[in-house]
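One-letter residues, chain by chain:
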Amino acid sequence: MSHATGSGGRMTPVGVGPRLLIDTEEVAPGVTKVNLRGRLDANGVQTISTTFDRVARTQVQLIVDLSRVSFIASTGLRTLISAARAVASREGHMVFLGPEPSVESVLITSGTDAVVPIYQDLVEAICAVSMGGVDDDDRPATSLPFSLQIDRSMRGVARAGAWVDELAILLNLSHRTEYALRLCLEEAVTNLVTHARPVPGLDAEKVGLRLIAEPGQLCLTLQDQCEEYNPLQSGYVGAAQDVSGEGGLGIGLLRQHARDVTWSRVGPANRLTLTIPR
Amino acid sequence: MRLETEEVAPGVTKANLTGRLDIGGSQEIDLAFNVLAGSQRALIVDLSQVDFIASLGLRLLIVGARTVQRKGGRMILLRPPIAVEAVLVSSGTDNVVGILRNLDEAIHAVSG
């Protein structure tokens, strides 16, 4: 899949010939990753500008891999920002992947990261460009394998269970991980079905699910547009006390099977995120 | 989700559950299981073919056990798979209804 589109060949040592190499690869359907290698200074920008501009003008889901960029100058920043604008002008998304700390700090102090988000993980980057950004995306696309929109109903709970079946095969999950994912989803969605209250004028009948699979863990996010409701506030009640369905047995189980369970209110949305070890 | 019953000793009924005790599965057998718990005094619930349980499934078992116990009867859970047993224990369900791995012991336990 990878094909060199730049000057090709081996990377020239810095200082001998200040060159910047560029190649592109398709890392997911419709998602292009541009790999830059070398110094993103005035000379480097010259060598890649034609190729980079062409990519930015033709792609709408673009990941710019900076992991092998050792230096970035203001010319380089301008090139990256103008590429991001070209992508955004066609309703596309561009993100940076894996910059070294020195490069990342330049991106942050210059405010470039406000225009182009930075990710350290490729899967997260793919999700971000595919779905329009992890932070401001209220309705994940249903067509992507790692996101799903379900009805806030018992039928939705069943659909979430079927999604776990698919994910278990797709991600080759261990029984333990599959169990934890199934339990967390079932408890969290059931909780929304039972306790969340709609806000007039907002679509409260949907729940957006997103799963980001990392090598060591699964990151699960549930988002709805109901009234502000933090499920984690219900105290854990053991089985002996909770038989009515009103207590926190389900959320207690969820906490036992996940780590880093957090709830936040993001604009009109409730967002529950948790990670499951794999 | 399937629920089948058999008499494993005089007056001792074993309920064999097969499938996932998730929300859908729990709802499918909810009525039949409650009827069973309401009519038996010595009940063994065989969980060996249950590969998943969440809070609604736990409630089903807990309510069933309480129903049996209120009549002076006894209920035992038999042979849950490891993952299911972990949830039974971590939720404290095993404080309400005992777990055994051997059928003869279970028959003895519920026969009183």
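Keep in mind that this is a model prediction, so the values were computed, not measured.

1. Considerations on the overall build of chain B
At step 1: Along its length, chain B carries 5 helices and 5 strands.
At step 2: Its helices and strands taken in sequence order, chain B reads β-β-α-β-α-β-α-α-β-α from the N to the C terminus.
At step 3: Buried positions account for 46% of the 112 residues belonging to chain B.
At step 4: Relative to all contacts within chain B whose residues are 6 or more apart in sequence, the contacts with residues 24 or more apart total 73%.

2. Quick notes on the overall build of chain A
At step 1: Tallying secondary structure elements over chain A gives 8 helices and 11 strands in all.
At step 2: Here the analysis covers contacts within chain A between residues at least 6 apart in sequence; of these, 65% occur between residues at least 24 apart.

3. Side note on the interface of chain A and chain B
At step 1: Each side of the interface is counted separately: chain A has 21 residues, and chain B has 19 residues.
At step 2: Listed by contribution, the elements that provide at least two residues to the side of chain A that touches chain B are α6 (154-170), α7 (175-195) and α8 (249-257) of chain A.
At step 3: Ranked by residue count, the leading element in the side of chain A that touches chain B is α7 of chain A, at 8 residues.
At step 4: For the side of chain A that touches chain B, the per-class residue count stands at 10 nonpolar, 7 polar and 4 charged.

4. Quick notes on helix α2 (residues 55-70) of chain B
All names here are of chain B.
At step 1: An ideal rise of 1.5 Å per residue puts 22 Å on 16 residues; α2 measures up with 22 Å between its terminal C-alpha atoms.
At step 2: The buried fraction of α2 is high, at 12 of 16 residues.
At step 3: Within α2, the full set of buried residues consists of Ser 55, Leu 56, Gly 57, Leu 58, Arg 59, Leu 60, Leu 61, Ile 62, Gly 64, Ala 65, Thr 67 and Val 68.
At step 4: After α2 finishes, the residue Gly 72 shows a positive phi value of roughly 85 degrees.

5. Some words on the environment of Val 207 of chain A
Residue and element names in this part refer to chain A.
At step 1: With respect to the helices and strands, Val 207 occurs in strand β8 (residues 206-213).
At step 2: Residues Val 207 and Leu 222, spaced 15 residues apart in sequence, show a C-alpha to C-alpha distance of 6.7 Å.
At step 3: Excluding anything up to four places from it in sequence, Val 207 contacts Ile 150, Arg 152, Gly 156, Val 189, Leu 192, Leu 222 and Asp 224.

6. Description of the pairing of strand β2 (residues 20-28) of chain A
Residues and elements named next belong to chain A.
At step 1: As defined by bridge partners, β2 adjoins strand β3 (residues 31-40) across 8 bridges and the pair is classed as antiparallel. What sits directly across from Ile 22, in β3, is Leu 36.
At step 2: The antiparallel hairpin formed by β2 and β3 contains 2 residues in its connecting segment, where Gly 30 sits at a positive phi of about 80 degrees.

7. Overview of α7 of chain A
At step 1: Counted at 1.5 Å a residue, the expected span for α7 of chain A with its 21 residues is 30 Å, and the 30 Å between its end C-alpha atoms agrees.
At step 2: Across the 21 residues that make up α7 of chain A, a large majority, 15, are buried.

8. Quick word on the pairing of strand β4 (residues 74-78) of chain B
When a strand is regular, its side chains alternate between the sheet's two faces.
Residues and elements named next belong to chain B.
At step 1: In terms of burial, β4 is a largely internal element, 5 of the 5 residues being buried.
At step 2: Side chains Arg 74, Ile 76 and Leu 78 project from β4 onto one buried face, and the interleaved Met 75 and Leu 77 project onto a second face that is buried too.
At step 3: Examined bridge by bridge, strand β3 (residues 42-53) and β4 share 5 bridges and lie parallel to one another. Bridged to Val 45 within β4 is Leu 77.
At step 4: Note that the unit made of β3, α2 and β4 has a crossover that is right-handed.
At step 5: Pairing of β4 with strand β5 (residues 98-100), which is carried by 3 bridges, proceeds in the parallel orientation. If you follow Leu 77 over to β5, its bridge partner there is Ile 99.

9. Regarding the sheet that holds strand β2 (residues 12-21) of chain B
In any sheet, the strands associate via hydrogen bonds between backbone groups, in a parallel or an antiparallel arrangement.
All names here are of chain B.
At step 1: Read from one edge of the open sheet, 5 strands run β1-β2-β3-β4-β5, paired in mixed fashion. Each edge of the open sheet is held by one strand with a lone partner, namely β1 (2-9) and β5. The average angle at which neighbouring strand axes cross in this sheet is 30 degrees, direction not considered.
At step 2: In the packing of helix α5 (residues 103-111) onto the sheet, the strands contacted are β1, β2, β3, β4 and β5, and the crossing angle to β4 comes to about 165 degrees.

Analysis parameters
Residues numbered from 1 in each chain as written. Chains lettered and ligands numbered in written order. Predicted model: local features only at pLDDT ≥ 70, side-chain atom pairs only at ≥ 80, totals over all residues. Helix = DSSP H or I, 4+ residues; strand = E, 2+ residues; numbered from the N terminus. Buried ≥ 20, exposed ≤ 12 C-beta atoms within 10 Å, placed from the backbone. Contact = placed C-beta atoms within 7 Å. Nonpolar A, V, L, I, M, F, W, Y, C, P; charged D, E, K, R; others polar. Expected span 1.5 Å × (residues − 1). Pairing = 2+ DSSP bridges. Right-handed = clockwise from strand over helix to strand, strands pointing away. Axes fitted to C-alpha atoms, helices over the stretch in contact; angles between N-to-C directions.

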